[in-house]
Structure formats: structure tokens, C-alpha cells
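# Observations on the three-dimensional arrangement
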Amino acid sequence: SLSGLIYWVITSIWFGNHLTGNLGRTDVASVTQWLAPIVWEGTFDSTVIDSIYKQQNITVATTVFALGKYTRFLKDFLESAEEHYFVGFRVHYYLFTDQPEEVPNVKLGQERYLTVKKLPSMNRWQDISMSRMGILEKLIKDELASEADYIFCLDVDTKFHGRWSVESLGRLVGVIHPWFFDAPRFIFTYERRPESQAYIPAEEGDYYFTGAAFGGSLEDVHHLTKTCREQMNIDIANSIEAIWHEESHLNKYFLHNKPSKLLSPEYLWRDISMSSGYVKIIRFSHVAKNNAEVRPN
Ligand code: 2GW
Ligand code: MN
């Protein structure tokens, strides 16, 4: 009937918007083949998602390593995190360094904590990068159980530029590498030698994930770090080192333990000066660094 039609038109206009919230993106995939969300600007409502997590009284442990000359990145990292990262939520930074005296004095907001942990200096940078997995495994097991609910593990040669908050939380969270998000699989720089535990055959693999940011629940990230550490130890025993170090092992792990949530390259962009049509907001990025200047020889 006409009145039925009018009723249908009016209610669908009125309630349709409320129920769906008009969210979603059509220019990028926002869900994986295993139905994990891929977080992009425009796929979530920050007010709604903030209010859900506000009731949960969560703590987000955040780990970062700064050895040798990499301590110079700490000031920008921490200051920008205070401005953009889980603002309004409890964050506990765990900062590993060989030079605690070089840690800058950054003013932290309410319910924001920083613990500095001293590490011995290491000579080979691959060792710094790879030893992170074992150190994180131990931190989670020995200290975090009663201290935190979620954890993110981040590179320090980075900076926040926009919101990174509770929309990123999940059981197991990977970040799509900014160089490969629109690349075909054969371009992915997975480890291709079968002798390495990180080996991924040509016809396998879903995404290429960055080693510069990953996270999730304590339990899942503990399992991730433990597995990667064990796999790297097998490689060491076989005198092989994966092409991109722990990043290669992380990609192998995610192949068999699918992340429950993926973060788009908004959550780890290249350096800020580079643009992309898909990335409407850069939330976190690598900083342009002079490798010759900061890396030991
Ligand atoms: C020194 C010489 C060469 C490479 C790294 C380092 C170094 C690293 C260092 O002297 N001191 C230090 O604290 N690091 C830590 O390791 C620091 O937290 C840094 O962010 C992290 C990874 O090194 P980075 O940032 O130089 O490597 P990227 O940006 O090229 O990273 C990707 O590939 C790495 C493995 O090759 C990791 O997977 C990393 O997570 C990826 O983003
Ligand atoms: Mn880095």
C-alpha cells in the first residue's frame, strides 16, 4: 500500500543511518579473507569505540628499544606518543636501552608511566633487532601479567602524527608494511630459502607485515615472541639469518597464526613527506634517518 511504502521509505532513511553509521571504505579492502578487520580511517567511529573501552579500565604496555645512537629518537617518539597514542587511556612504556642516562625527561600525562630497563650494549645491529623477541617474551612472562591487558611493540625511529588508540586493539594485531600494501605477493620480501625457519613458499602468504609495530593480548604476543625467538635460534644453529631478521620470522608466524586485526599503513607510514591516495591520515611513521650516522658500522 502507499502508506506502507511511505512508512518504509521514512523508516529506512531515518533508522538506516543510525544502524549502519554510514561507515566503510570502498577504495580499499577493510576485511581479510579470514574476516579480520583492516583498520582504515573511515571504518570506525572513534566516539563509539572509545566509550566501549573506557568502561574496561585497560592498560596498554608499549615497548621500545633504543640502543647506541638510537636514543636520539626517544624525545620525538615519547612526546608525539603523549600527544596521539591512546590519549585518555593508561599506557605503560617499557624502554630498553644501554644508556639510561640518555633517556630524555619527557613530561608524561596522567596515568602514563615509563619504566627504563638497562641492557648491555650490543655490537651487531642484527642482534639488537633480533634479540628484541626474547627480551619481550621474558618481559611479558615475568612482569606484565598483572600490569597490562594489551601490548604494542614499536620501533623507536618513528613518530606519531595522528590518533592511534583503542580501535587498534585485538587479540593479535599486525601492521601492513607501507611499501607492500598494494603490491602483488611475488614482490613481498619474505624469506625464500627453505633452509630458514622463516621460509615462505612463493604461493603462500597473505600480506607483508612490518616488524616495526605489532601487538595484541599478552597471551598472544607472548606466544608470538616465544615462537619467533625459538625459530631464530634454530636458524642460528643452522648458520642462517633470515633476510629481514625478526621481521621475516614475524611474517612466517602471521602466516600460520592469522592476526585477528590488521592495521592499515596509516599505522606505520614511510616518512611523513611521502603521500598516498589510500592513506587519508598518517598516524605513525618512520622518520627519515641517515643510516650512516646512526648505525654502528
Ligand atoms: C643499528 C644499526 C643498524 C640497524 C639497527 C640498529 C639499531 C636498532 C641500533 O643501533 N639501536 C637500536 O636501538 N635499534 C632498535 O632496533 C631500534 O628500536 C630500532 O627501531 C629497531 C630496528 O632497527 P631499525 O629501525 O634501524 O630498522 P628498520 O627501520 O630498517 O626496520 C625494519 O627491519 C628491521 C629488521 O631488519 C626490524 O624488523 C624493524 O622492526 C623493521 O621496522
Ligand atoms: Mn625502524
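Residues numbered from 1 in each chain as written. Chains lettered and ligands numbered in written order. Predicted model: local features only at pLDDT ≥ 70, side-chain atom pairs only at ≥ 80, totals over all residues. Heavy atoms only, no water.

Time to look at the environment of Leu 78. Along the polypeptide, Leu 78 turns up in helix α3 (residues 74-84). Once the C-alpha coordinates of Leu 78 and Val 106 are considered, the two residues, 28 residues apart in sequence, prove to be 6.9 Å apart. Beyond its immediate sequence surroundings of up to four residues, Leu 78 is in contact with Tyr 93, Leu 95 and Val 106. (Helix = DSSP H or I, 4+ residues; strand = E, 2+ residues; numbered from the N terminus. Contact = heavy atoms within 4.5 Å.)

Moving on, we get to the site of ligand 1. If you check the shell around ligand 1, you find 22 residues, and the closest are Phe 65, Leu 67, Tyr 70, His 245 and Glu 246. Take His 286: an N or O atom from its side chain is 3.0 Å from an oxygen atom of ligand 1. Out of a free accessible area of 720 Å², ligand 1 has 94% covered by protein chains. Ranked by residue count, the leading element in the shell around ligand 1 is helix α4 (residues 125-144), at four residues. Grouping the amino acids of the shell around ligand 1 by side-chain chemistry returns ten nonpolar, five polar and seven charged. (Near = heavy atom within 4 Å. Polar contact = N/O pair within 3.5 Å; in protein donor to acceptor, adjacent residues only side chain to side chain. Areas by Shrake-Rupley, 256 points an atom, 1.4 Å probe, with all protein chains shown as cover. Nonpolar A, V, L, I, M, F, W, Y, C, P; charged D, E, K, R; others polar.)

Moving on: the side chain of Thr 97. Relative to the elements of secondary structure, Thr 97 occurs in strand β3 (residues 90-97). At 2.7 Å, the side chain of Thr 97 forms a polar contact with the backbone oxygen of Ala 66. Once residues lying within four places of it in the same chain are set aside, the contact partners of Thr 97 are Ala 66, Thr 71, Val 103, Val 116, Lys 117, Lys 118 and Leu 119.

Let us now look at unusual backbone geometry. Its identity as a non-glycine residue notwithstanding, Glu 111 has a phi of 60°, on the positive side. Relative to the assigned elements, Glu 111 resides in the loop between β3 and β4 (112-118). Phi at His 245 takes a positive value of approximately 55°, unusual for a residue other than glycine.

For a metal with four donors in a tetrahedral arrangement, the ideal angle between donors is 109.5 degrees, while six donors in an octahedron ideally sit at 90 or 180 degrees. For the manganese ion (ligand 2), the full set of protein donor atoms is Asp 155 (OD), Asp 157 (OD), Asp 157 (OD) and His 286 (NE2), at a range of 2.1 to 2.5 Å. Given six donor atoms and angles of 55 to 167° at the metal, the environment of the manganese ion (ligand 2) is assigned as irregular. Summarised as a motif, the one-chain spacing of the donors to the manganese ion (ligand 2) is D-x1-D-x128-H. Linking Asp 157 in the loop between β5 (150-154) and β6 (158-160) with His 286 in strand β10 (residues 284-286), this pair joins segments that are 129 residues apart in sequence. According to the relative accessible area criterion, Asp 157 is buried, its value standing at 3%. (Donors = N, O, S within 2.8 Å, 3.2 Å for Na, K, Ca; no water. Tetrahedral: all angles 85-135°; square planar, octahedral: opposite > 155°, others 65-115°. Buried < 20%, exposed > 50% of the residue type's maximum accessible area, 1.4 Å probe, protein only.)

Applying the stated criterion across every chain yields a total of zero disulfides. In this model Cys 153 remains outside any disulfide bridge; the closest cysteine sulfur is found in Cys 228, 11 Å from its own. Judged by its relative accessible area of 4%, Cys 153 falls in the buried class. Residue classification places Cys 228 among the buried residues on the basis of a relative accessible area of 1%. (Disulfide = S-S within 2.5 Å.)

Burial analysis of β3 places seven of its eight residues in the buried class, which makes it a mostly covered element. Sheet topology note: the strand β2 (residues 59-66)/β3 ladder contains eight bridges and is parallel. In the sheet register, Thr 62 faces β3, and the bridge partner there is Tyr 93. Where β3 lies against β4, seven bridges are found, and the strand directions are parallel. In the sheet register, Leu 95 faces β4, and the bridge partner there is Val 116. (Pairing = 2+ DSSP bridges.)

Here we come to the packing of aromatic side chains. Evaluation of the coordinates by the stated rule reveals 24 aromatic pairs. Measuring from centroid to centroid gives 5.5 Å for Phe 188 and Tyr 190, while their planes differ by 80°, and the two rings are edge-to-face. Given a relative accessible area of 4%, Tyr 190 falls into the buried group. An aromatic cluster is present here, built from Phe 77, Tyr 85, Phe 86, Phe 152, Phe 160, Trp 164, Tyr 267 and Phe 284 joined pairwise through their rings. Cation over ring: Lys 54 sits above Phe 89, and NZ or CZ is 4.2 Å from the ring centre. Against the face of Trp 179 rests Arg 270, its NZ or CZ located 4.1 Å from the ring centre. (Phe/Tyr/Trp six-rings, centres within 6.5 Å; stacked < 30°, edge-to-face > 60°. Lys NZ or Arg CZ within 6 Å of the ring centre and 35° of its normal.)

A few words on the pairing of strand β8 (residues 209-217). Counting buried positions over the nine residues of β8 gives nine, a clear majority of the element. Of the pairings in the sheet, the one linking strand β7 (residues 172-176) to β8 comprises four bridges and is antiparallel in character. Along β8, the bridge assignment pairs Val 173 with Gly 215.

Backbone hydrogen bonds hold the strands of a sheet together, and the pairing may be parallel or antiparallel. Across the sheet, eight strands lie side by side as β1-β9-β7-β8-β5-β2-β3-β4; this open sheet has mixed pairing. Since the sheet does not close on itself, it has two edges, and those belong to β1 (38-39) and β4, each with one partner. Helix-sheet contacts for α3 involve β2, β3, β4 and β5, and the interaxial angle to β3 is about 175°. Packing of helix α6 (residues 246-256) onto the sheet brings it into contact with β7 and β8, and relative to β8 it is tilted by some 50°. (Axes fitted to C-alpha atoms, helices over the stretch in contact; angles between N-to-C directions.)

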